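# Coordinates in review
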Amino acid sequence: MEILSSKYINVNGSLLDLSVPCVMGILNITPDSFYAGSRMQTEAEITARAQQILDEGAGIIDIGAYSSRPNAENVSPHEEMERLRMGLEILRRTQPGAVMARMCVEEYGVAIINDIAAGEMDADMFRTVAELNVPYIMMHMQGTPQNMQQHPHYDNLLKEVFLYFAQKVQQLRDMGMKDIILDPGFGFGKTVEHNYELLAHLEE
């Protein structure tokens, strides 16, 4: 059986080849992210972290304005957008060529939306990404960041994750979406054993 040699997504009019690994660096602009050392709050910190990500070979910068660590506090869309505006404004000035929901795409030319909740935390997410027609990363998460690690349980982990993605991919395809990336969500509503089971079946 012939295997396709390349898999591309359309990123702001350029084709990004995902047939080989592409590193995505995380730029957290939250005060309470998983790792305290990753929390960037000042312009100098944000600028330096973005440059570090690119210097180390990443092709994508993922800006995090909503902490998804276990038991993190929920923040309002207004607060999340204000954080994003600050971070994106700095990156637009300092990293105009870096690859970074509606405000981000329309105001700052963001190229990819990375949604940890696969539309579960915002009923308008699928409609919005379909309208914007940008690549969409959706992650599997059981529960919310506030409760996902309390008692994660699956009767059949792989079957449930596959079904979850199959239903959502079909919804997005029906809405005209083409560039969809699936993230199994290691550590998001998963035990260590669940993580290893997913890791062992990434090919599927």
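Here is a short report on the structure shown in this document. (Residues numbered from 1 in each chain as written. Predicted model: local features only at pLDDT ≥ 70, side-chain atom pairs only at ≥ 80, totals over all residues. Heavy atoms only, no water.)

Enumeration over the complete set of coordinates arrives at 2 aromatic pairs. Geometrically, the ring pair formed by Phe126 and Tyr136 is edge-to-face, given 5.8 Å between the ring centres and 80 degrees between the ring planes. With Phe126 in helix H4 (residues 125-132) and Tyr136 in strand E6 (residues 136-139), this residue pair connects regions lying 10 residues apart in the sequence. Assigned by exposure class, Phe126 and Tyr136 land together as buried. On the basis of an interplanar angle of 75 degrees and a centroid distance of 5.7 Å, the ring pair of Tyr164 and Phe165 is categorised as edge-to-face. The pair formed by Tyr164 and Phe165 is uniform in burial state, with each residue classed as buried. Sitting over the ring of Tyr164, Lys168 keeps its end group 5.1 Å from the ring centre. (Phe/Tyr/Trp six-rings, centres within 6.5 Å; stacked < 30°, edge-to-face > 60°. Helix = DSSP H or I, 4+ residues; strand = E, 2+ residues; numbered from the N terminus. Buried < 20%, exposed > 50% of the residue type's maximum accessible area, 1.4 Å probe, protein only. Lys NZ or Arg CZ within 6 Å of the ring centre and 35° of its normal.)

The N-to-C vectors of helix H5 (residues 157-174) and helix H6 (residues 192-200) enclose an angle of 65 degrees; their axes lie 10 Å apart at closest approach. The orientation of H5 relative to H6 falls into the category roughly perpendicular. Of the two possible hands of crossing, H5 and H6 adopt the one that is right-handed. Where H5 abuts H6, its residues Leu157, Leu158 and Val161 lie against His194, Glu197 and Leu198. Along the lines of polarity and charge, the residues of the contact of H5 with H6 split into 4 nonpolar, 1 polar and 1 charged. (Axes fitted to C-alpha atoms, helices over the stretch in contact; angles between N-to-C directions. Parallel < 35°, antiparallel > 145°, perpendicular 65-115°, else oblique. Left-handed = near helix turned anticlockwise from the far one by under 90°. Contact = heavy atoms within 4.5 Å. Nonpolar A, V, L, I, M, F, W, Y, C, P; charged D, E, K, R; others polar.)

With that out of the way, let us pick up helix H2 (residues 77-94). Compared with an ideal rise of 1.5 Å per residue, which puts 18 residues at 26 Å, H2 spans 25 Å between its outermost C-alpha atoms and is within 8% of the ideal. When we look at burial in H2, the residues that qualify are Arg83, Leu84, Gly87, Leu88, Ile90 and Leu91. All buried residues of H2 fall inside an arc of 160 degrees around its axis, so they share one side. (Expected span 1.5 Å × (residues − 1). Arc of directions from axis to C-beta.)

Strands sit in the order E5-E6-E7 across an open sheet of 3 strands; the sheet is parallel. Because the sheet does not close on itself, it has two edges, and the strands there are strand E5 (113-115) and strand E7 (180-183). Along the sheet, successive strands turn relative to each other by an average axial angle of 15 degrees, direction set aside. Across 4 bridges, E6 lies against E7 in parallel orientation. When the sheet's bridge partners are listed, Met138 is paired in E7 with Leu182. Across the sheet, H4 touches E5 and E6, and the angle it forms with E6 is around 160 degrees. Docked against the sheet, H5 engages E6 and E7, running at close to 155 degrees with respect to E6. (Pairing = 2+ DSSP bridges.)

This part takes up the nonpolar core. Counting 37 residues, the largest nonpolar core has Leu27, Ile63, Tyr136, Met138 and Leu172 as the members making the most contacts within it. Looking at this core, the elements that each hand over two or more residues are helix H1 (43-55), strand E4 (60-64), H2, helix H3 (102-108), H4, E6 and H5. When residues in this core are grouped by element, the largest group, 6 residues, is from H5. In this structure, Val11, Ile60, Ala111 and Ile112 belong to the second largest nonpolar core, which totals 6 residues. (Core = buried A, V, L, I, M, F, W, Y, C linked by side-chain atoms within 4.5 Å.)

Burial of strand E1 (residues 8-11) is one-sided: the residues Ile9 and Val11 facing one way are buried, the residues Tyr8 and Asn10 facing the other way are not. Where E1 lies against strand E2 (residues 14-17), 4 bridges are found, and the strand directions are antiparallel. In the sheet register, Asn10 faces E2, and the bridge partner there is Leu15. Hairpin connection between E1 and E2: a loop of 2 residues separates the two successive antiparallel strands, and Asn12 in this loop has a positive phi of roughly 50 degrees.

On the surface, Phe186, Val192, Tyr196, Leu199 and Leu202 cluster together into a nonpolar patch covering about 520 Å² of accessible area. With respect to the helices and strands, the residue Tyr196 is situated in helix H6. (Patch = residues over 30% accessible without salt bridge, like charges linked within 9 Å, V, L, I, M, F, W, Y side chains within 5 Å. Areas by Shrake-Rupley, 256 points an atom, 1.4 Å probe, with all protein chains shown as cover. Salt bridge = Lys/Arg side-chain N within 4 Å of Asp/Glu carboxyl O.)

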